[in-house]
Structures are given as structure tokens and as C-alpha cells.
Amino acid sequence: MEYVRVPAEDLEPFARRLTAAHGVREEVAAQVAESLVAADLRGHRSHGTIRLARFYPDMLEQGGIDPAGAPAVVRETATTATVDGNNTFGHAVGRFAVDVLAEKAEESGVAVVGVRNATHLGRIGEWAERAADRDLVFAAFTNTGSLAELVAAPGSATRRLGTNPLGFGLPSFGAVEFPLVLDVATSQVAHGKVTKRSVENEPLPEGWVVDENGEYVTDSHEYEEGRGALLPLGGLVSGYKGFGLAMIAELFAGMLGDAFVSGQDPDGIVNNAAAFLAVDPERFSSAEVNRARIEALVEYIDAAEYPEAVPAGAAARGDRALVPGEAEYRTRTERAAEGIPLAPETVSLFVDLAEELGVEDLPPSFR
């Protein structure tokens, strides 16, 4: 497929204008655009600007996102807080929650922030990066409320859970050039990656989605229209592990965010809740010691033999193990120089949406 390369510095202001055209405050529109383009730059286009053409317009139209909303702390102690996103864009909620979390962890050494009514928090790895940039260890458990029924339990093809991502982040203390960040769905794949393939008219790999006949669904449009369910992480071999993680994420987010879990929400609106945890590692050891730990571990993994006969996996980036966060760092470096690749179908969606919303000044590469 021939992709259109769009410089980030052109795409971000366009994304901001598209968001603001829905009546969103300028400050929030700028935060949304920054987050979406950051996802595109890191290779996660499923959580990038494509969301402005698919998903967010529907949420705004259905009242799932309040363009005038703003996050607020509704309960707190010295080391804990509950943040109510008040149904504004999750990118604004995530920033606010991490700022509250970091301030408390820096003061007390450890902090927990529960989040509710966050609509869609986007790429959870962004919040891990932000915490790691403040030299904090970070963990996140996320659920998606009741409407985002996408994933089946082992032995079933009935959609019951969301993709319930887990996120973890650690500062690297200079051992590598990026924070160590892991952001994974507890399903075989994030739903956004299915949506992206649907927009770009691409099939799904076998092993992602199964139907009630036990057959893999490979037509991305059919899944989006309701056929089958995403398998939990581990698929038909060890999906009980992903399912267990999904249940834990569901309940961590529900309990600490004081929010609905799947099966409870009477309104059926996609609405992330989350539990964010942060620890100051220097309360336990020094930056120098932690840097040495990371260097030793990275060198030890890198020194393993990687024979051609042993595949890294169909979805892996390359033929050998990468440090968590390394793939995103490499992709960001490349795309910052060469532009963000967008499929022609995605560009067409943007052009149509801009015309519908009366947004002018398209990126030059769109014309």
C-alpha cells in the first residue's frame, strides 16, 4: 500500500482544528491533538489521529464525550486521589491524573489515583511515559465500562469484556535513550488495530477473532459489524491468562476509580476508568544503582543467541527481543524525520470530515 507521509508539525495543528470544530475548548483540543499525533509517531496509529475520523465523532454525537467538561479531584488524601474526568476527552483526563499522581508520589514516595468518567484515555503508554519522565515507576489498570464489549471469555464467542489495557513505565536513568514502557491490551490485540484495518480494507490475521462456530474471523468489517469476539491474550492456547489479567484490570479500575465494571453500567456508554499507581524508586535505591541494573539486564538479554530457526513472532518488530519502549523510540525517530504514514483511505476520511466541519487549511500532503 502506498502511504501518504505527513509531517507531525502539519498533522498536529490540523488535528487540533478538527477537534476544536466540535466545540471543544482550545486547551483540550491542543492536548488531544498532541496525544494523537504522539501515538502516530510511535507507530500506534490505532490510537492516533484516525480516532478523529472514527470513534470520537460518534462519542461526541451520542453524548459520550462532553466538549465542555473538565477533570477534577473529588476525593483525596496525602497519597491518594479520585479524579472524575466529567466525560471530557480522556487525553485531558490522563494528563490531569498523572500530574496529581506525580505530585503526591514525589512528596510521599508512593501514590494511587483512581480515575472515572474518562471517556477514552487513549494510549495508556503515554501516561507511563509522563510518569517515567518524572523519574517515577508507574502502573495502570484500565477498564472500558459496559458498552465496549469486545472480548470473549475462554471457551466462548460472546463479547463480554473490553480490551482492558495494562500499562507500566520505569525511568531508564540514562541506561537507554528512552523510558521503559509496556502498554498492552489483555486481548489478543487492541480494538483500535481492528478498526484501523477496517478503515484501510485490510484483513485480520487468524488468531485474533473467533466466532460461535470456532472459526477465525478474518474480515475486519464483519467484526466491526458484530461477528465474533476478540480472543483474550494467549488466544486458544493460553487465553485464560489474558482473561485473568482482564478481570483483574476490570476490578482494579472499578474499585479504585469508584466506577462501573462490565455488567453494571445502565447507560452503556464507553467510559474508561483506571487505577494509576506511582512509586519514587529513589526511596528504595539510588539512580546510579538502578541505571546499573537496567544496563546489566539489557546487555544480558541482548547477548542471547537469536538463531534464524527461532521466530520472534509474527507481530514482533524485527527478529530479536527489544527493550519495552524501544520499538516506539525507533519509530518515533524515523517518523519525526520522514513523516507519519497515513493510508489513502484515512486521508480521504480526514478530507471529508474537514469539509463537513468547515475546517480549512488541510496539510499540504493531503492535497
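Okay, so let's go over this structure. Every chain is numbered on its own, with residues counted from 1 as its sequence reads. Residues qualify for local features only when their pLDDT is at least 70, as the model is predicted, and side-chain atom pairs are given and counted only at 80 or more; totals for whole chains, interfaces and linings, by contrast, use all residues. To get the side-chain values, all heavy atoms of the structure are used, and hydrogens and water are removed first.

The subject of this paragraph is the sheet that holds strand β2 (residues 72–76). Taken in spatial order, the 7 strands line up as β2-β3-β4-β10-β5-β6-β7 in an open sheet, and their pairing is mixed. This sheet does not close on itself; its edge strands, each paired only once, are β2 and β7 (180–184). Between one strand axis and the next, the sheet turns through 15 degrees on average, direction left out of account. Two strands qualify as a pair provided that DSSP identifies no fewer than 2 bridges between them. By the criteria applied, helices consist of DSSP H or I runs no shorter than four residues and strands consist of E runs no shorter than two, each listed in order from the N terminus. Relative to strand β10 (residues 273–279), strand β5 (residues 137–143) is paired through 7 bridges, and the arrangement is antiparallel. Looking at the pairing, A139 lines up with L277 of β10. The strands that helix α4 (residues 90–108) touches are β2, β3 (80–84), β4 (110–116), β5 and β10; relative to β4, the one it contacts most, it runs at about 160 degrees. In this analysis, axes come from line fits to C-alpha atoms, helices being fitted only over the stretch in contact, and the angle between any two N-to-C directions falls in the range 0 to 180 degrees. Residue contacts are defined here by distance: any two heavy atoms, one from each residue, within 4.5 Å place the two residues in contact.

Of note, T331 is situated in helix α10 (residues 326–338). Sequence-distant contacts of T331, that is, excluding residues within four places in its chain, are made with L41, R42, G43 and R317.

So, on to the environment of T346. Assignment of secondary structure puts T346 in helix α11 (residues 344–357). Exposure remark for T346: the relative accessible area of 2% places this residue in the buried category. Only protein chains enter the accessibility calculation, which uses a 1.4 Å probe. A residue is then buried if its area is under 20% of the maximum for its type, exposed if over 50%, and partly exposed in between.

Turning our eyes to something else, we now look at α10. The end-to-end C-alpha distance of α10, which contains 13 residues, comes to 18 Å, matching closely the 18 Å that a straight helix rising 1.5 Å per residue would cover. Residues of α10 that are buried: E326, A327, E328, T331 and R335. Contacts from the buried residues of α10 go to β1 (4–6), α2 (26–41) and β11 (340–342). Positive phi shows up at G339, right after α10, with a value of about 100 degrees. The length a helix should cover is 1.5 Å for every residue beyond the first.

Attention shifts here to the packing of α2 against α4. Taken N-terminus to C-terminus, the directions of α2 and α4 make an angle of 90 degrees; their axes are 8 Å apart at the nearest point. By the angle between their directions, the pair α2 and α4 is classed as roughly perpendicular. Within the contact between the two elements, α2 uses V28, Q31, V32, E34, S35 and L36 and α4 uses H91, A92 and R95. Between 65 and 115 degrees an angle is taken as roughly perpendicular, under 35 as roughly parallel, over 145 as roughly antiparallel, and anywhere else as oblique.

For the purposes of this section, nonpolar cores are sets of buried Ala, Val, Leu, Ile, Met, Phe, Trp, Tyr and Cys residues that join through side-chain atoms within 4.5 Å. Residues F14 and F366 are the most contacted members of the largest nonpolar core, which totals 46 residues. Among the elements of the structure, α1 (8–20), α2, α3 (56–61), β11 and α11 are those that each provide at least two residues to this core. A per-element tally of this core places α2 first, with 7 residues. Sequence-distant contacts of F14, that is, excluding residues within four places in its chain, are made with F350, A354, V359, D361, L362, P363 and F366. Core analysis: the next-biggest nonpolar cluster, separate from the first, contains 25 residues, A81, A118, A128 and V181 among them.

A separate point is unusual backbone geometry. The backbone of N164 sits at a positive phi, close to 35 degrees, despite the residue not being glycine. Take N164: it is sitting in the loop between β5 and β6 (166–170). In this structure N164 comes out as buried when scored by relative accessible area, which is 0%.

Criterion for a salt bridge: a side-chain nitrogen of Lys or Arg within 4 Å of a carboxyl oxygen of Asp or Glu. Tallied over the full model, the rule gives 24 salt bridges. One salt bridge connects R45 with E200, and the closest N-O pair in it is separated by 3.0 Å. Remark: E200 occurs in the loop between α6 (191–199) and β8 (209–210) and R45 occurs in the loop between α2 and α3; sequence separation between them is 155 residues. A residue is classified by how much of its surface remains accessible, and R45, at 10% relative accessible area, is buried. For E200, a relative accessible area of 2% puts it in the buried group. Between R283 and D280 there is a salt bridge; the shortest N-O distance is 3.4 Å. The exposure class assigned to R283 is partly exposed, which follows from its relative accessible area of 44%. Overlapping salt bridges bring together E34, R95, E126 and R130 as one network.

It is the contact of α1 with α2, at a shortest axis distance of 8 Å, that shows an interaxial angle of 140 degrees. With respect to each other, α1 and α2 are oriented oblique. Where α1 crosses over α2, the handedness of that crossing is right-handed. From α1, A8, L11, E12, A15, R16, T19 and A20 reach across to α2, where they touch E26, A29, A30, V32, A33, E34, V37, D40 and L41. Two helices that cross are described as forming a left-handed crossing if the nearer one is turned anticlockwise from the farther one by less than a right angle, and a right-handed crossing if clockwise.

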